[in-house]
Amino acid sequence: MLQIDLWKRVVIWGLVALGIFYALPNAFYSRVEMHNDAVKTIEKQGSTPELEAQAALWPSFLPSGLVNLGLDLRGGAHLLAEVKVADVYAARLEALWPDVRDALRPERDTVGTVRLQPSNPMELRVKISNPEGMARAMEVARGLAQPVVSLTGAGSSDLVVTGAGDEMTITLSEAEQQATDERTVRQSLEIIRRRIDAVGTREPTIQRQGSDRILIQVPGIGSTAELKAIIGTTAQLTFQPVVGRGSDASASAGVGNEVLPAADQEGVYYTLEQAPVVTGEELTDAQPTFDQNGRPAVNFRFNPAGARKFGDYTANNIGSPFAIVLDGEVISAPVIQSHIPGGSGIITGNFTVEESTNLAVLLRAGALPAALNFLEERTIGPELGQDSIDAGKIASIVAGGAVLLFMLLTYGLFGVFANIALVINIAMLFGVLSMIGATLTLPGIAGIVLTVGMAVDANVLIFERIREELRTARGPARAIELGYEKAQSAIVDANLTTIITAIILFVMGSGPVRGFAITLGLGIVTSVFTAIFVTRIMIAMWFHRTRPKTIEV
Amino acid sequence: MRMRLVPDYTNWDFFGRSKLWLGISGVMMVIALISFFVQGLNYGIDFRGGTTIRTVSAQPVDVGAYRDALQPLNLGDVSITEVFDPNFAEDHNVSMIRIQAQDEEEAITADATEQVRQALATVAPDITFASVESVGPKVSGELIQTAVIAVVLAIGAVLIYIWLRFEWQFAAGAVLALVHDVVLTIGVFSEVQIKFDLAIIAALLTIVGYSLNDTVVVFDRVRENLVKYKKMELKEVLNISINETLSRTIMTSLTTMLALIAMFVLGGDVIRGFVFAMMWGIFVGTYSSIFVASALLLRFGVKRDWTRPDANSGNQYANIDA
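Everything numeric here is computed off the predicted structure, so don't read it as measured data. Residue numbers here run from 1 along each chain, matching the order of that chain's written sequence. Think of it this way: whatever chain is written first is A, whatever ligand is written first is 1, and the rest follow in order. At least 70 in pLDDT is required for a residue's local features to be given in this predicted model, at least 80 for side-chain atom pairs to be given and counted, and no such filter applies to totals for whole chains, interfaces and linings, which use all residues.

Caption draft 1: Local environment of the UniProt feature "transmembrane region" (unreviewed entry) in chain B. All names here are of chain B. Residues annotated by UniProt as "transmembrane region" (unreviewed entry) correspond here to residues 20-38, 143-164, 171-192, 198-222, 250-268 and 274-298. In residues 171-192, the share of helix is 100% and the share of strand is 0%. The end C-alpha atoms are 31 Å apart. A helix fraction of 100% and a strand fraction of 0% characterise residues 274-298, whose end C-alpha atoms lie 34 Å from each other. UniProt positions are given in the numbering used here, feature names are shortened, and annotations may be inferred rather than shown by experiment. Secondary structure elements follow DSSP: runs of H or I no shorter than four residues count as helices, runs of E no shorter than two count as strands, and numbering proceeds from the N terminus.

Caption draft 2: Representation of the confidence of the model for chain B. A residue's pLDDT is the predictor's confidence in that residue, given on a scale from 0 to 100. This prediction gives chain B a mean pLDDT of 84; 92% of its residues lie at or above 70. Distance between backbone-placed C-beta atoms decides contact: two residues are in contact if it is within 7 Å. Counting interchain partners and residues more than four positions distant, the pLDDT-below-50 stretch residues 309-322 of chain B has 13 contacts.

Caption draft 3: Seen up close, the UniProt feature "transmembrane region" (unreviewed entry) in chain A. Residue and element names in this part refer to chain A. Summarizing the sequence annotation, UniProt attributes the feature "transmembrane region" (unreviewed entry) to residues 6-24, 403-436, 442-463, 490-509 and 515-539 in the numbering used throughout. Helix makes up 100% of residues 442-463 and strand makes up 0%, while its end C-alpha atoms are separated by 32 Å. End C-alpha to end C-alpha, residues 515-539 measures 34 Å, and it is 100% helix and 0% strand.

Caption draft 4: Local environment of the interface of chain B and chain A. Across the contact, 60 residues belong to chain B and 58 residues belong to chain A. Among the elements of the structure, strand S5 (128-135), helix H5 (137-165), helix H7 (198-228), helix H8 (234-266) and helix H9 (272-300) of chain B are those that each provide at least two residues to the side of chain B that touches chain A. Each residue gets one of three labels, nonpolar for Ala, Val, Leu, Ile, Met, Phe, Trp, Tyr, Cys and Pro, charged for Asp, Glu, Lys and Arg, and polar for the others, Gly among them. Grouping the constituent residues of the side of chain B that touches chain A by class yields 37 nonpolar, 14 polar and nine charged. One requirement defines pairing of two strands: DSSP has to find at least two bridges between them. In this sheet, S5(B) lies alongside strand S18 (residues 372-380) of chain A in antiparallel orientation, the contact comprising five bridges. Opposite Ile380(A), over in S5(B), you have Ser131(B) as the bridge partner.

Caption draft 5: Main features of the UniProt feature "domain: Protein export membrane protein SecD/SecF C-terminal" (unreviewed entry) in chain B. The sites that carry the UniProt feature "domain: Protein export membrane protein SecD/SecF C-terminal" (unreviewed entry) are, in the present numbering, residues 116-300 of chain B. Counting secondary structure, residues 116-300 of chain B comes out at 83% helix and 5% strand; the distance between its end C-alpha atoms is 60 Å.

Caption draft 6: Region of the structure containing the environment of Glu94(A). In this fold, Glu94(A) is placed in helix H5 (residues 86-104). Among all residues touching Glu94(A), those that are not within four sequence positions of it are Gln274(A) and Ala275(A).

Caption draft 7: A look at the domain arrangement of chain B. For every domain, the bounds stem from an assignment made automatically or drawn from a database. Considered domain by domain, chain B is made up of domain 1 (18-43 + 140-300) and domain 2 (50-135). Computed over C-alpha atoms, the centres of domain 1 of chain B and domain 2 of chain B are 37 Å apart.

Caption draft 8: Fine view of the pairing of S18(A). Residue and element names in this part refer to chain A. The element S18 is extensively covered by neighbouring structure, given that eight of its nine residues are classed as buried. Across eight bridges, the pairing between strand S2 (residues 76-83) and S18 is antiparallel. Following the sheet pairing, glutamate 82 is matched in S18 by asparagine 373. Counts of 20 or more other C-beta atoms within 10 Å of a residue's own C-beta define buried residues, counts of 12 or fewer define exposed ones, and intermediate counts define partly exposed ones; C-beta atoms are placed from the backbone.

Caption draft 9: Highlighting the packing of H5(A) against helix H7 (residues 134-143) of chain A. Residue and element names in this part refer to chain A. Across the interface, H5 lies against H7 with an axial gap of 10 Å and an inter-helix angle of 130 degrees. On the basis of their axis angle, the class for H5 and H7 is oblique. Considering the relative orientation of H5 and H7, their crossing is right-handed. Contacts from Val100, Ala103 and Leu104 in H5 reach Ala137, Val140, Ala141 and Gly143 in H7. For the contact of H5 with H7, the residue count by class is six nonpolar, one polar and no charged. Interaxial angles span 0 to 180 degrees and are taken between N-to-C directions of axes, which are lines fitted to C-alpha atoms, for helices over the stretch in contact. Oblique is the label for every angle not falling under 35 degrees (roughly parallel), over 145 degrees (roughly antiparallel), or within 65 to 115 degrees (roughly perpendicular). A crossing counts as left-handed when the near helix is turned anticlockwise from the far one by less than a right angle, and as right-handed when that turn is clockwise.

Caption draft 10: Examining the sheet that holds strand S14 (residues 296-302) of chain A more closely. Residues and elements named next belong to chain A. Pairing within the open sheet is antiparallel, and its three strands lie in the order S13-S14-S17. A strand with exactly one partner marks an edge of an open sheet, and here the two such strands are strand S13 (283-290) and strand S17 (344-348). Within the sheet, the average angular offset between the axes of one strand and its neighbour, ignoring direction, is 25 degrees. Strand direction decides the pairing type here: S14 and S17, joined by five bridges, are antiparallel. Bridge pairing in S17 places alanine 297 opposite threonine 348.

Next comes the structure, spelled out in structure tokens:
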């Protein structure tokens, strides 16, 4: 009786040892953290004696995974941004107009003259002077359409062309809109990641949420304003032909044109053609530099396609002004002096050195394809986080101590077994959390405390059952055996239902709630394991050594 | 000697006044619902949008002066409360300022935060913001929806699980007890006006899990005893089962409660509402597994013969003879 196979014993103790082994780094948190940071820096930037010394703080043969501390414990900034995916439609349609115009030009005999009509940004409206030619015009416009590149939209075309009277309307097809949204959000995610990485903070979380949202969490940063300064600017760079210059913001621009303010001169407005010649997307490089007068400036270089367009345009428009537009403001509008063939140039403006450096970083990382709308912002100061950790620590210790004492008083020696199992349980929980790199939040700490309270439940069930079985008296060994056996179904049912709620919390919740669900769920798994297997093995070992005639539980 | 919370043998009659207990629970639920609909919950920004700012200053918080300082900013509905915590040092005075969601804006802008800081600095020059959290109305609407779905899903999933493991009468009893717990918890939150935010939803679901845990342990024993005492009246079987599991029920509730009390007193004010919800939940959860779930099971009746395949388990009279 009370026999446990050798292999089972090996597996159980092995798992316990593994859990404790992986939990170990958390006991030396700041030391291991320093080691990890140093190792990462060495990998990136090469080694210095100082970094080597930091890396040597923790032996490399030991695991170095730590439980991440959530924003509410470490302090930092949290942003939930919505990508304004519709922005991209407008830009796409805007860029389409020159193509439509050029395609219809050879058809002048059938469609007559072509004019762009004012419309909402979601569509492109074109008026032809010869309504009889509408069928031909639509045919030509449809010829510009391309198949949609996406899994779901495969086979459909990207443009929808309709005609009524003398007006033709071009919109993006449903499938194309979806494909564009997908691309826009992914691109935004990638660009935000690159920009945050360029600043180099520890463990930022950048995740997609739902169809058009991005969650950004950066620990250790002072405020959401700082974070927004890094990611918030779209850095949408365009080069647009200048139509005119004036001081009236509400000047009528004419169809296909727009009025934009100058960045450095108050009250100066430029009227520009809306369709850009080249955009920032075609940049391959941007570096901070100084112009011939020694003022900070940014040097840029186009890719071959951009360079060709830029070269052609400058060759054809020598003597006319040309605007460099960043995020809706005209940074400068130099007059084209000569044909610029090489595809590189310089942006001057009233920059400080810092601004030119930032602008270069932003341009290099690429422009955000669409603007971001911030739906949720949270800043948590580092002191508040530290306070929460301290309070959580003390509370956990007191809670643990109270439960241990209570168990000891109630169950005596068996209470000691349960208590050892409880301590192992906590260690294993931390081990698993470190292994999967989970994030510990304040509700997560409460989850652990709750686990401590509930972890003893399985043991209480077993011990109470053993007490009952002892009364029917068939010897202590049999009673222990039966106690474990009969308590099993109640333990399984009770914990499975709790796991179900933990899973639902995990799936539905976000942020701190999710952290709570993870600790609660994993806590149940480890506590059932330790309560059933670990206490059993300990009791079996004790029983074999002492062979008691009677036991008291 | 060992500590015994409950004598080894008990034979207390839990169903002698079961009508009374069910009645009390029913009335409490009605009161909770009335409170919820009349007074409403004190929703945090997670659910109604807006901004909360946690300020820290060495000077005592003067709510009136803070309010006056913020008046010229025209922020709309502003509520200021002082936060008390026994663990705060003498020169650590904390207040929570809640500002309603501003028109045409999702989250609060950095400028607005700075304005608030400057305005408050005229009252308390050393004031700092320990945290600033802002949620736009768009997200908060969705959060409340997700929260409700989460609670309903959890209860639904549990209903199905118990139905599969036991019988429909057990499932119905357990789920009604859960609804009872959730309603009473929401009632307490509406009555005491503690801030109701996302973390409280987590607490609610934990209560669901805990209360169920308790109920399932009792039901498990009921199932066992139904087989053991085939001829005994259902009421007796239930009573025996509750008495047999009573020391475990009390023991587990107490250890969990002990851990939570430690967290409540020492865990800091940020998490206190959350811990309070759980403490209350454990209390009502323990009560409901005996006085609601089991009492309802008694009313629903159960199939008694577990050896025969059930042909008419839906009929409550089919099980009396056996």
